[in-house]
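Architecture and fold: a report
The residues making up each chain are set out below.
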Amino acid sequence: IPEEYRSHLGRVTLKATVPKLKEFAEAGGAIVAFGGSAVLGHHLGLPVSDHLVEIHNGVERSLPRDKYYIPGSILQVAVDNTSPLAYGFERTVDVMFDNSPVLHLGPGAAMNGVRPVAWFAGKQSLRSGWAWGQQYLQDGVAAAEAKLGRGKVFLLGPQITFRAQPHGTFKFLFNSIYYGTSTQAGTAQTTTAAQQ
């Protein structure tokens with residue numbers, strides 16, 4: 001970045017950025033987080049955590065590389081295509097996965113408006129590439145939708161926009177944009193002066 005523009009650069013931080021994102025969603029906004037940013041759900045206070053962990057000496061830690069490592073491979077996930085987020089999908093879809101986040105929905109997730117939309121249904125999900133420890137993915141959530149105040153948050157772990165692979169998964173992105181800004185039929189949407 002040229003020197004004269006460096007003062008315009010922002011910085012994403014948990015302390016400054018996440019509260020503003022939470023405020024935005026609670027006021028009716030939609031947040032779409034995919035790939036590495038899907039961990040945002042935890043920071044927004046949603047009942048989600050990392051699925052790929054183990055307890056070692058009484059402490060939770062990420063699975064070590066000698067047990068789990070899946071770089072740049074195509075994996076299959078089951079899909080709840082009754083969700084508007086998964087509109088147009090079959091019951092399974094292949095996703096680009098590059099050590100992507102895999103979510104665990106905590107107790108009471110459904111009661112708090114968080115529901116899984118895509119997940120790893122079995123111990124073998126590899127379609128192309130290689131996967132060390134793929135059995136750890138079982139029952140992990142690849143895509144989730146959540147209500148946050150009056151808004152919505154979409155958490156999509158896989159690389160849904162990676163190169164040519166979006167032909168299989170681009171609907172997650174566009175569905176989240178349309179679904180995130182939708183209103184219930186018969187309700188009026190107010191427009192503020194800032195939106196005009």
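I will try to describe carefully the structure that is included in this document. (Residues numbered from 1 in each chain as written. Predicted model: local features only at pLDDT ≥ 70, side-chain atom pairs only at ≥ 80, totals over all residues. Heavy atoms only, no water.)

**Looking at the pairing of strand S3 (residues 53-56)**
Examined bridge by bridge, S3 and strand S4 (residues 59-62) share four bridges and lie antiparallel to one another. Following the sheet pairing, Val-53 is matched in S4 by Ser-62. Hairpin connection from S3 to S4: two residues lie between these consecutive antiparallel strands, with Asn-57 at a positive phi of about 55 degrees. (Pairing = 2+ DSSP bridges. Helix = DSSP H or I, 4+ residues; strand = E, 2+ residues; numbered from the N terminus.)

**Structural notes on helix H1 (residues 17-26)**
Those residues of H1 that fall on the buried side of the exposure criterion are Thr-17, Val-18 and Ala-25. Down the axis of H1, the buried side of the element spans an arc of 90 degrees, and every buried residue falls inside it. The outward face of H1, more than 90 degrees from its buried face, is lined by the exposed residues Lys-20 and Glu-23. Looking at the buried residues of H1, the elements they touch are strand S1 (30-34), helix H2 (40-43), strand S10 (141-148) and strand S11 (151-156). Looking one or two residues beyond H1, the residue adopting positive phi is Gly-28, at roughly 115 degrees. (Buried < 20%, exposed > 50% of the residue type's maximum accessible area, 1.4 Å probe, protein only. Arc of directions from axis to C-beta. Contact = heavy atoms within 4.5 Å.)

**A look at the layout of surface pockets**
Within this model, the second largest pocket holds a volume of roughly 180 Å³. Together, Asp-50, Leu-52, Ser-62, Leu-63, Pro-64, Arg-65, Tyr-68, Tyr-69, Asn-99, Ser-100 and Pro-101 line the second largest pocket. (1 Å grid on protein atoms, 1.4 Å probe; cavity = no way out; pocket = protein on both sides within 12 Å on 5 of 7 lines; lining within 4 Å. Points joined across faces, edges and corners; volume = space filled by probe spheres on them.)

**Notes on the environment of His-104**
Within the element layout of this structure, His-104 appears in strand S7 (residues 103-105). Note: C-alpha distance between His-104 and Asp-50 (54 residues apart in sequence) is 5.7 Å. Not counting residues up to four positions away in its chain, the partners in contact with His-104 are Pro-47, Val-48, Ser-49, Asp-50 and His-51.

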